[in-house]
Amino acid sequence: MARITDGDIQYRLEEINSILGKKYRLDHPEKERDWKAYEPEFSKRIKMAMKDLDPLIEEAVSTLHIIQGPGHPHSLTLKQRVKILLIKQLVGKSNRVFGNMLDLFSMISGIDISYKTVERLYSDDEVIHAIHNLHVLTLRKKGMEKSDATGDGTGYSLTVKKNYESHAQKLKDMAKENPGREKENDSIKKSKGHRKRLFAYSFALMDLKARMYIAFGSSMKSEKEAYDRAMHLLSSLGIGMDSIRLDRYYSSPSYVDKLGETKVFIIPKKNATLNGSWKWKNTMKEFVEDTMKYLEQYHQRSNSESGFAADKKMLGWNIAQRRDDRIDNALFCTGVWHNLFNMGRS
């Protein structure tokens, strides 16, 4: 095996930046979407998702055995509650507006509830368990057992005044070179004008073939915590990853080692060395010696950004909930809708 040095890593990084230029730059390549072809395909997937929704909810609910506690039983069935919460998340209206909309639908559906009832669904344990089952079902229907995955994080605004991408871009660019990203973010949040929480962090692991999320997690603190929660969900599902593509923040021996036998594609930081496990050394060796092929794999991470863009286009870029648990569950519903829209993808 040819021997490489720390200097080889730095040289390759400089070579990519200075010689190969934008075509193989280390950020995601910009790619124009063909909206003329995209819209009919997306419309088709929405129709298929709506067609599949009822039987999938029925199956997700049927596996739960509810023990009725003290007090009056809920006025709505579990299936109705799950459907209302998912539709509320899809429509993107406020709880009060959506509650008023249900007044109109009640003439057809017989459902008559207040906006407060809608909000409480975000913390209804029975509903959340059923939606978790729905996530598992969508993956099983696609036969998901092993995955070549890509992972990335984004943020959802907790106020209509701030957009995550524009607010966080400079911080993300700096943090990719700085391991202390969480500390920097915390200091900025505590500074003047940033005392209120502005964003909820979300991290999703996407299967490259199906374009479906195999796992996702959210956090009010950091993308790292959202990543950890996504990994925890993945481990509970028993789905293995043959390979994964992650951004520079996760480019360290500790993160690579935690992924076990999964092949990892990351771009090393500017100060990267060979210090670390044999898996880290072999990853750096492949980056140095077969750079073009390596970058072709790594740049499939752009699918994660496309997925987030589609989610926000359909479901919105802000979260109306204020309680942490309800924010988490709203983002879980977003992940489930993403999978429902992509189940029909060939």
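First, a word on scope: everything that follows refers to the structure included in this document. (Residues numbered from 1 in each chain as written. Predicted model: local features only at pLDDT ≥ 70, side-chain atom pairs only at ≥ 80, totals over all residues. Heavy atoms only, no water.)

### Structural notes on the nonpolar core
Consideration 1: Val82, Leu86 and Ile131 are the most contacted members of the largest nonpolar core, which has 83 residues in total.
Consideration 2: With 9 residues, helix α14 (residues 324-342) is the single largest residue contributor to this core. (Core = buried A, V, L, I, M, F, W, Y, C linked by side-chain atoms within 4.5 Å. Buried < 20%, exposed > 50% of the residue type's maximum accessible area, 1.4 Å probe, protein only. Helix = DSSP H or I, 4+ residues; strand = E, 2+ residues; numbered from the N terminus.)

### Some remarks on the sheet that holds strand β1 (residues 146-157)
Consideration 1: Spatially, β3-β2-β1-β4-β5 is the arrangement adopted by the 5 strands of the open sheet, whose pairing is mixed. With one partner strand each, in any of the chains shown, β3 (213-219) and β5 (263-265) form the two edges of the open sheet. Each strand axis lies, on average, 25° off the axis of its neighbour in the sheet, ignoring direction.
Consideration 2: Where helix α12 (residues 291-298) meets the sheet, it contacts β4 (240-245) and β5, and its direction lies at approximately 90° from that of β5.
Consideration 3: In the packing of helix α13 (residues 302-315) onto the sheet, the strands contacted are β1, β2 (199-207) and β3, and the crossing angle to β1 comes to about 50°. (Pairing = 2+ DSSP bridges. Axes fitted to C-alpha atoms, helices over the stretch in contact; angles between N-to-C directions. Contact = heavy atoms within 4.5 Å.)

### Examining the packing of aromatic side chains
Consideration 1: Under the criterion given, the structure shown has 13 aromatic pairs.
Consideration 2: Every member of this aromatic cluster is reached through a ring pair, and the members are Phe203, Tyr227, Tyr249, Tyr250 and Tyr255.
Consideration 3: In this structure, Lys312 is placed above the aromatic ring of Tyr156, and the distance from its NZ or CZ to the ring centre is 4.9 Å. (Phe/Tyr/Trp six-rings, centres within 6.5 Å; stacked < 30°, edge-to-face > 60°. Lys NZ or Arg CZ within 6 Å of the ring centre and 35° of its normal.)

### Thoughts on the environment of Trp337
Consideration 1: As for its placement among the helices and strands, Trp337 is situated in helix α14.
Consideration 2: For Trp337, a relative accessible area of 0% translates into the label buried.
Consideration 3: Each C-alpha atom of the pair Trp337 and Ile87 lies 9.6 Å from the other, and the pair is 250 residues apart in sequence.

Just geometry here; none of it tells us what the structure is for.
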